[in-house]
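Below, each chain spelled out in residue letters.
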Amino acid sequence: AVSPTGCPVSPEAAAFDPFDAPYQLDPAEALRWSRDQEPVFYSPKLGYWVVSRYDDIKAIFRDNLTFSPSIALEKITPPSDEALEVLKRYDYGMNRTLVNEDEPAHMARRRVLLDAFTPEALEAHAPMVRRLVREKLDAIIDRGRADLVAEMFWEVPLTVALHFLGVPEEDMEQLRRFSAAHTLNTWGRPSPEQQVEVAEAVGKFWQYSGRVLRKMQAQPRSEGWMYDMIEKNREMPEVVTDSYLHSMMMAIIVAAHETTALATTNAFRQLLSRPAVWDELCANPELIPSAAEESLRHSGSMVSWRRITTCDVEVGGVTIPEGGRILMVMASGNHDPRHFENPDDFDIYRDNAVDHLTFGYGSHQCMGKNLGRMEMRIFLEEFIRRLPHLELEEQAFTFLPNTSLRGPEALWVRWDPTLNPERRDP
Ligand code: HEM
């Protein structure tokens, strides 16, 4: 195989397929060879240039003019004609949001939509997050066994996301199914039959988003980030455009909940699979923020992200031609020993964990990162206080097959209800 520049492709690069088991199970491990030998390579199976080292990924994130984010939400698997037909029937028109918008439109938009993310604005959501987590814990605390994903790790972040956005907290099960379809549509490799199914769900999600948006537009202004956007759309329609509003309504529901749900699941999995670390955290809850950060580094929920080059450019000694599609594997950068000492260790005392790339970097860096962090922190605080003797069950983990959003579909844990601190010392 050869790359678009005519250079021959190494056997490892030719074999690389992010939909194969190694990457799906552990993307950082699957790219160890690349970090060591060939940190920038062309993948003929994917049609992308894959970048695996920390410094190279950061340099790409830093320069969003040379490396445009416009393809960030494009379907990574080209859609079939049948799937396109289905989407057309639903008048599907997903377009630019924030994350895939070029300059200068992006910064102009981002700047006028920042108010919802001040530390005070975010802190105002904390009591609600805690109440939701406590209610979910009350429901299972005497049970002794649970799948935490099914019981709360998806539903709490979705409720928080809808509340943050001001979107009515309805149709939760349906939104969860829509989100999975959006993930497969954007980052998956659905089979031809699945493509049609996924397109049906994505089309319905698009229509749903439009209905909710129109309903919110018809109402007086209320609390929530979507209401900020609706207001800015009225005040400055050339900055916060109509197309942006509808596309964002759909994209943000996914961005604000799946990412956090999976990050929380990954954190509990990593911590509980190291009982000594979990016990240490229970004894020292002030380490919770560091533990959450180390988990985002070691096992983040966004493992890769995309850019497209606007001119010929060198990355890590390799020339990528104009129009080159790039897959930055942040999970790999987060395990790069050139930046993180003993990167495969899970170390809650690591002093540079916060340098991880899981939230991206530079002018598009995740706006919701502190909301996500707060939710993870509150989940950990409540579990550590009420179920410190929690244990991970033996289980085989499964993942929704895709290149970017990563976390187990279920997380089975057990505990002895007679040991609950609240029972022993009510
Ligand atoms: C952008 C990850 C939670 C809203 C991003 C990007 C990543 C990411 C990788 C792209 C960054 C780049 O291109 O440099 C995550 C992870 C989360 C999380 C891992 C949870 C652990 C959230 C939440 C919200 C949110 C809770 C909403 C309230 C956004 C927005 C952008 C973004 C609006 C686009 C920013 C821009 O392009 O200017 N996120 N996210 N995210 N995220 Fe998050």
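Residues numbered from 1 in each chain as written. Predicted model: local features only at pLDDT ≥ 70, side-chain atom pairs only at ≥ 80, totals over all residues. Heavy atoms only, no water.

A. Region of the structure containing a negative patch on the surface. Residues D81, E82, E85, E193 and E197 make up a contiguous surface patch of negative charge. Broken down by element, the residue count for the negative patch peaks at three residues, all from helix α6 (residues 81–89). Examined against the element boundaries, E193 turns out to sit in helix α13 (residues 192–218). (Patch = residues over 30% accessible without salt bridge, like charges linked within 9 Å, V, L, I, M, F, W, Y side chains within 5 Å. Areas by Shrake-Rupley, 256 points an atom, 1.4 Å probe, with all protein chains shown as cover. Salt bridge = Lys/Arg side-chain N within 4 Å of Asp/Glu carboxyl O. Lys, Arg positive; Asp, Glu negative; His and termini not counted. Charge placed at Lys NZ, Arg CZ, Asp CG, Glu CD. Helix = DSSP H or I, 4+ residues; strand = E, 2+ residues; numbered from the N terminus.)

B. Summary view of the packing of helix α15 (residues 242–272) against helix α16 (residues 275–283). Packing of α15 against α16 brings their axes to within 6 Å, and their N-to-C directions diverge by 105 degrees. Our classification of the angle between α15 and α16 gives roughly perpendicular. Residues F268, L271 and L272 of α15 form the contact with α16, whose participating residues are P275, V277, W278 and L281. In the contact of α15 with α16, the residues fall into seven nonpolar, no polar and no charged. (Axes fitted to C-alpha atoms, helices over the stretch in contact; angles between N-to-C directions. Parallel < 35°, antiparallel > 145°, perpendicular 65-115°, else oblique. Contact = heavy atoms within 4.5 Å. Nonpolar A, V, L, I, M, F, W, Y, C, P; charged D, E, K, R; others polar.)

C. Fine view of the packing of helix α9 (residues 126–140) against helix α19 (residues 369–386). At a closest axis distance of 10 Å, the pairing of α9 and α19 adopts a crossing angle of 40 degrees. The pairing of α9 with α19 is recorded here as oblique in orientation. The handedness of the crossing between α9 and α19 is right-handed. Facing α9, whose interface residues are A126, V129, R130, V133, R134, L137 and D138, α19 presents M374, E375, R377, I378, F379, E381, E382, F383, R385 and R386. Looking at the contact of α9 with α19, its residues break down into eight nonpolar, no polar and nine charged. (Left-handed = near helix turned anticlockwise from the far one by under 90°.)

D. Summary view of the environment of F205. The residue F205 is located in helix α13 in this model. A C-alpha to C-alpha distance of 9.9 Å links F205 and A251, two positions 46 residues apart in sequence. Filtering out sequence-adjacent residues up to four positions away, F205 remains in contact with L175, F178, S179, H182, M250, I253 and V254.

E. Molecular detail of the side chain of E258. Among the structural elements, E258 can be located in helix α15. For the buried residue E258, which engages in no salt bridge, the nearest side chain bearing the opposite charge is R176, 6.3 Å off. Sequence-distant contacts of E258, defined by excluding residues within four places in its chain, comprise S179, A180, T183 and L405. (Buried < 20%, exposed > 50% of the residue type's maximum accessible area, 1.4 Å probe, protein only.)

F. Layout of the site of the ligand. Taken together, the neighbourhood of the ligand is formed by 31 residues, with H106, R110, R307, H364 and C366 sitting nearest. Here R307 contributes a side-chain N or O atom positioned 3.0 Å from an oxygen atom of the ligand. Taking Y361, its main chain carries an N or O atom lying 3.2 Å from an oxygen atom of the ligand. When residues of the shell around the ligand are assigned to their parent elements, the largest contribution, seven residues, is made by α15. Each residue belonging to the shell around the ligand can be placed in one class, and the counts come to 19 nonpolar, 10 polar and two charged. (Near = heavy atom within 4 Å. Polar contact = N/O pair within 3.5 Å; in protein donor to acceptor, adjacent residues only side chain to side chain.)

G. Structural view of the coordination of the iron atom of the ligand. Looking at the iron atom of the ligand, one finds just one donor atom contributed by the protein, C366 (SG), at 2.2 Å. With respect to the helices and strands, C366 occurs in the loop between α18 (330–333) and α19. (Donors = N, O, S within 2.8 Å, 3.2 Å for Na, K, Ca; no water.)

H. Main features of the packing of aromatic side chains. Per the stated rule, a full pass over the model turns up 17 aromatic pairs. Taking 5.2 Å as the distance between ring centres and 50 degrees as the angle between the ring planes, the aromatic pair formed by F117 and F164 counts as tilted. With F117 in the loop between α7 (105–112) and α8 (119–123) and F164 in helix α11 (residues 155–165), this residue pair connects regions lying 47 residues apart in the sequence. An aromatic cluster is built from F153, F268, W278, F379 and F383, whose rings are joined through pairwise contacts. Directly above the aromatic system of Y361 lies the positively charged group of K58, at a separation of 4.7 Å from the ring centroid. The residue whose ring lies beneath R269 is F397, and the NZ or CZ to ring-centre distance is 4.1 Å. (Phe/Tyr/Trp six-rings, centres within 6.5 Å; stacked < 30°, edge-to-face > 60°. Lys NZ or Arg CZ within 6 Å of the ring centre and 35° of its normal.)

Structural measurements only, silent on function.
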